[in-house]
Amino acid sequence: MIAMSDEVRQFAVAPDDDGIRLDRWFKRNLPQVGFGTVSRWARTGQLRVDGGRAKVDDRLSAGQVLRIPPGGEDTRRKPATRRELTPEEIELAESMVIARTNSAIVLNKPPGLATQGGTKTHRHVDGLLDAYHSDDEPRPRLVHRLDKDTSGVLLIARTPGSAASYSKRFSGRSAKKIYWALVVGVPDVHEGTIDAALAKQPGTGGEKMHVDEEGGQRAVTRYRVAERAGNRAAWVELEPMTGRTHQLRVHMAAIGHPIVGDGKYGGQDAFLTGSISRKMHLHARRLVISQPKLDGGGQLDVTADLPEHFAASMEQMGFDLSLSAAEPLRDEAPERTKAEKKQAARAHFKQVRKSKRGERRNRGATAPTGKLGKKSPSGAKRKGPPKGSPAKGSPKGRG
């Protein structure tokens, strides 16, 4: 955060702030100055950009110079303070880091750790973010989430500008997330698409989702069987093409192959006999996403190791990890309808508002090929490979 001064100040617009509105620049860099003060300065000509008068809605470019008058601090605004973490919390936070760039910190979230806090949830990733910055740096921000019992790649933005950039990639569906899952039984169709709309299940307080083709939101998941353990279980790659709550879990249960350990959606059928762990076997294995200008563009491509219980189950079942490079299963995201675009925009702004509230709080083997278009009892549709594609044989490694 930039300190206040009794003298006229000049600031060069950083690459991370390229393209933002002038009033947003103040929220990021001089939050002590309220919007009313910024508007008055602009109205009276005291705010200058490269020597010219500026308006609050002007877009800034990296390298431009801002001239800001002295003072303007709102004494009612409390300065941001870092939360004091215990040595154990700091150790946990550092143990999760698998990659760092100028714009991001990438974590391998362990199962059992929530991404954000909630009722009776006091230990979570969001509460550990103060371990990743110093007093003169902005607090890192969450840009997407994983379920509490899902492990794997979780991206944290290091700056406000990179948070906005990464959020657009996730909401625009250009970020490619590939999950590994162990499921009960073996899907009839070796590789295909599950297209089943999802909605909150009535009577669960929004804590559970279900397939609802009439009133739900479209949800699409690509999957591929990487290997099978007889007819008992299968190791599958999953790629969500949309981002609905619990999407992968509901979709796999809907086609009759719940994720091992997911009692919420698979009931007792989700647990295997013997020594296989009863924990959730769903892991965000790989993330491929475009980087912001702060890192010079290009792709950020990160892979996370399996948690101990998942790795042990894979070994017990004799699965060969080299059979999957967790390659993206699709090239393009499905075209969104106007309604979906509006809903995505509302969700984006809602997330922005939530992050602002958070900041204020911090301050105070082979599967037989089945028929295409087969429906499960729950109504979820499964689609096989596109017409004209070569028939699928034994599972082969990708990459």
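Cut-offs applied
Numbering of residues starts from 1 in each chain and follows the order in which that chain's sequence is written. In keeping with the predicted nature of the model, local features appear solely for residues at pLDDT of at least 70, side-chain atom pairs appear and are counted solely at 80 or more, and the whole-chain, interface and lining totals rest on all residues. Heavy atoms throughout the structure, all of them, feed into the side-chain values; hydrogens and water do not. At least two bridges found by DSSP between two strands is the condition for calling them paired. Helical segments are the DSSP runs of H or I of at least four residues, strand segments are the runs of E of at least two, and each set is numbered from the N terminus. Just to be clear on terms, a salt bridge is a Lys or Arg side-chain nitrogen sitting within 4 Å of an Asp or Glu carboxyl oxygen. In this scheme, a residue with accessible area under 20% of its type's maximum is buried, one over 50% is exposed, and one in between is partly exposed, where area comes from a 1.4 Å probe on protein chains only. One confidence number per residue, pLDDT, is output by the predictor and ranges from 0 to 100. Only heavy atoms matter for contacts: two residues are in contact if any of them lie within 4.5 Å across the pair. Aromatic contacts are taken between Phe, Tyr and Trp rings whose centres are within 6.5 Å, Trp giving its six-membered ring; a plane angle under 30 degrees counts as stacked, one over 60 as edge-to-face, and the others as tilted. Here, a charge over a ring means that NZ of Lys or CZ of Arg falls within 6 Å of the ring centre while also lying within 35 degrees of the ring normal. Helices are assigned an expected span. That span is 1.5 Å times one less than the residue count. Within 3.5 Å is the distance limit for a polar contact, defined as a pair of N or O atoms, with the added protein rule that one can donate a hydrogen and the other accept it, and that residues adjacent in sequence qualify only through two side-chain atoms.

Student: Lay out the sheet that holds strand 2 (residues 48-49) with the relevant residues and their values.
Tutor: The four strands are arranged 1-4-2-3 in an open sheet whose pairing can be described as antiparallel. Each edge of the sheet is formed by a strand with only one pairing partner; in this case those strands are strand 1 (9-12) and strand 3 (52-53). Sheet topology places strand 2 next to strand 3; two bridges connect them, and they run antiparallel. When the bridges of strand 3 are listed, Arg48 appears paired with Arg53.

Student: How would you explain the pattern of salt bridges if you had to name every residue and give the values?
Tutor: Applying the stated criterion across every chain yields a total of 13 salt bridges. One salt bridge in this structure joins Asp18 and Lys293, with 2.6 Å as the shortest N-O distance. Here Lys293 lies in the loop between strand 15 (282-290) and strand 16 (299-303) and Asp18 lies in the loop between strand 1 and helix 1 (22-29), a separation of 275 residues in the sequence. Given a relative accessible area of 26%, Asp18 falls into the partly exposed group.

Student: Break down the confidence of the model for the protein chain for me, with residues and values.
Tutor: Across the protein chain, the average pLDDT comes to 84, with 79% of residues at or above 70. Per-residue pLDDT stays below 50 along residues 365-377; that stretch engages in 32 contacts with residues further than four places along the chain or on separate chains. For the stretch residues 387-399, pLDDT sits under 50, and the model shows 26 contacts to residues farther than four places along the chain or on other chains.

Student: So what's going on with the packing of aromatic side chains? Which residues, and what values?
Tutor: Applying the stated criterion across every chain yields a total of five aromatic pairs. Between Phe26 and Trp41, the ring centres sit 6.3 Å apart and the planes meet at 55°, which makes this aromatic pair tilted. Here the residue Phe26 occupies a position in helix 1, and Trp41 occupies one in helix 2 (residues 35-43), the gap between them amounting to 15 residues. The same class applies to Phe26 as to Trp41, namely buried. Measuring from ring centre to ring centre gives 5.0 Å for Trp180 and Trp235, while their planes differ by 80°; the resulting arrangement is edge-to-face. You can see Trp180 sitting in strand 9 (residues 176-184) and its partner Trp235 sitting in strand 14 (residues 233-240), a full 55 residues away along the chain. A relative accessible area of 0% means that Trp180 is categorised as buried. For Trp235, a relative accessible area of 0% gives the class buried. Taken together, the ring pairs connect Phe11, Trp25, Phe26 and Trp41 into an aromatic cluster. When the ring centre of Phe271 is taken as origin, the NZ or CZ atom of Arg278, which lies over that ring, is 3.9 Å away.

Student: Give me helix 4 (residues 160-171): which residues, what numbers.
Tutor: Within an α-helix, residues lying three or four positions from one another point in the same direction, as the helix has 3.6 residues per turn. Between the first and last C-alpha of helix 4 there are 16 Å, a value that for twelve residues agrees with the 16 Å anticipated at 1.5 Å per step. Turning to helix 4, its buried residues number three or more, namely Pro160, Gly161, Ser162, Ala163, Ser165, Tyr166, Ser167 and Phe170. Looking at the residues trailing helix 4, positive phi occurs at Arg173, about 65°.

Student: Give me the side chain of His251: which residues, what numbers.
Tutor: Summarising the element assignment, His251 is placed in helix 5 (residues 247-254). At 3.0 Å, the side chain of His251 and the backbone oxygen of Ala196 are in polar contact. What His251 contacts, discounting residues up to four positions off in sequence, is Ile194, Ala196, Leu198, Ala219, Val220 and Thr221.

Student: Hey, could you go over unusual backbone geometry for me, with residue numbers and the actual values?
Tutor: Positive phi is not limited to glycine here, since Asp50 has a value of about 50°. Topologically, Asp50 is positioned in the loop between strand 2 and strand 3. Although it is not a glycine, His246 sits at a positive phi angle of roughly 55°. Relative to the helices and strands, His246 resides in the loop between strand 14 and helix 5.

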